[in-house]
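Observations on the three-dimensional arrangement
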Amino acid sequence: MTILDRLRRGARMAATALGRSPEREALSPPCPQCGRDGTTTVYRLSTRSARFWCTRCEAVVSTRDLASLRDTATVRNVSSGPPPDPHARYLAPPVLEWARSAAAKVLTAPELDRATYYQLHTRFDRTAQGSVHSGLPAVSAVIGRLHERCYRVDLVVLDLGHDSEEARERVDHARRWLAGPGKNQCWIVSRHVESRPEAESVEEAAAAYLRGDPVDRDQASALRSGLFGTDGGPRPVALLELFTADEITAAVRAYRDGARPLRDAVLAALQA
């Protein structure tokens with residue numbers, strides 16, 4: 001099993017633990033509020049519970065009866081098109097529901113740019129004082145930490161110290177926005193370079209890092225461009241801390257063959 005395969009398998013397991021089981025995309029249970037079929041979107045599905053919302057009546061429903069959910073849900077063709085609301089993938093249901101009444105004009109745009117995405121969450125947080133949403137990390141902090149942690153939702157949730165369902169939703173929807181309309185904000189995309197340093201310089205820099213020796217500027221540049229294919233972004237040493245010594249060693253060997261498994265792993269986490 002390659003590094004990328006192992007990370008993808010881990011990402012699937014982590015996704016389920018975080019309520020992002022891939023199965024959720026194909027399920028549309030009947031709405032218990034308005035009774036319609038095929039109008040709901042399951043946006044959280046773990047091994048214990050599920051949450052879904054109705055695009056017609058805007059009900060948000062939580063359930064632990066997963067057997068009943070699967071038995072009554074309509075299984076839809078997930079390749080038939082995007083979700084009913086183009087912003088539903090990037091805004092958590094409470095934020096989207098609030099925006100429909102408080103910022104409806106903004107939602108007419110086909111995509112939410114960086115300024116708009118930040119402003120929507122800032123306004124929502126200000127109006128949510130005293131609710132279950134008060135105290136959530138600012139979306140700017142969430143996105144900054146996603147960049148630093150290679151877009152791994154589980155690590156960001158732990159870093160921010162907000163282990164709540166609402167915080168997880170915010171982090172995951174922010175990651176989705178970065179993988180979509182905000183993709184050019186991502187260092188792994190915007191700072192991509194085609195040039196490749198010599199394999200020997202990458203090997204020497206990686207060996208120094210793995211020994212625990214200080215990494216100088218040239219070595220850091222070789223690690224960044226060699227293993228991640230970028231000329232900017234978070235410090236290479238900070239990035240490598242997210243990978244094991246065996247994964248780094250394997251990535252250095254793969255680099256000689258033209259592959260960049262660590263870059264592939266970061267892109268896979270972004271697009272999970």
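These remarks concern the structure in this document.

Turning next to unusual backbone geometry. Phi at Cys150 takes a positive value of approximately 60 degrees, unusual for a residue other than glycine. Following the sequence through the fold, Cys150 ends up in the loop between helix 5 (139-148) and helix 6 (153-160). At Tyr151, a position not held by glycine, the phi torsion is positive, near 65 degrees. Secondary-structure assignment places Tyr151 in the loop between helix 5 and helix 6.

With that out of the way, let us pick up the sheet that holds strand 3 (residues 50-54). Sheet architecture is open: three strands sit in the order 2-3-4, paired in antiparallel fashion. Looking at the sheet topology across the chains shown, the edges are occupied by strand 2 (40-45) and strand 4 (60-63). Taken over all neighbouring pairs, the strand axes of this sheet differ in orientation by 25 degrees on average, direction set aside. Bridge count between strand 3 and strand 4: four bridges; the pairing is antiparallel. Bridging from a neighbouring strand, Phe52 pairs with Val61 of strand 4. In the packing of helix 3 (residues 93-102) onto the sheet, the strands contacted are strand 2, strand 3 and strand 4, and the crossing angle to strand 3 comes to about 15 degrees. Strand contacts of helix 7 (residues 165-179): strand 2 and strand 3, with the helix running at about 110 degrees to strand 2, the strand carrying the most contacts.

So, how was this worked out
Sequence order as written defines the numbering, with residues in each chain counted from 1. Only residues with pLDDT of at least 70 get local features here, since the model is predicted, and only at 80 or more are side-chain atom pairs given and counted; chain-wide, interface and lining totals rely on the full set of residues. Computation of side-chain values: all heavy atoms of the structure, hydrogens and water removed. In this description a helix means any DSSP run of H or I spanning at least four residues, a strand means any run of E spanning at least two, and both kinds are numbered starting from the N terminus. Each pair of strands is called paired provided DSSP finds at least two bridges between the two strands. Angles run from 0 to 180 degrees between N-to-C directions of axes, and those axes are lines fitted to C-alpha atoms, restricted for helices to the stretch in contact. Note on definitions: a residue-residue contact is assigned when non-hydrogen atoms from the two residues lie within 4.5 Å.

Bear in mind that shape data such as this cannot, by itself, settle questions of function.
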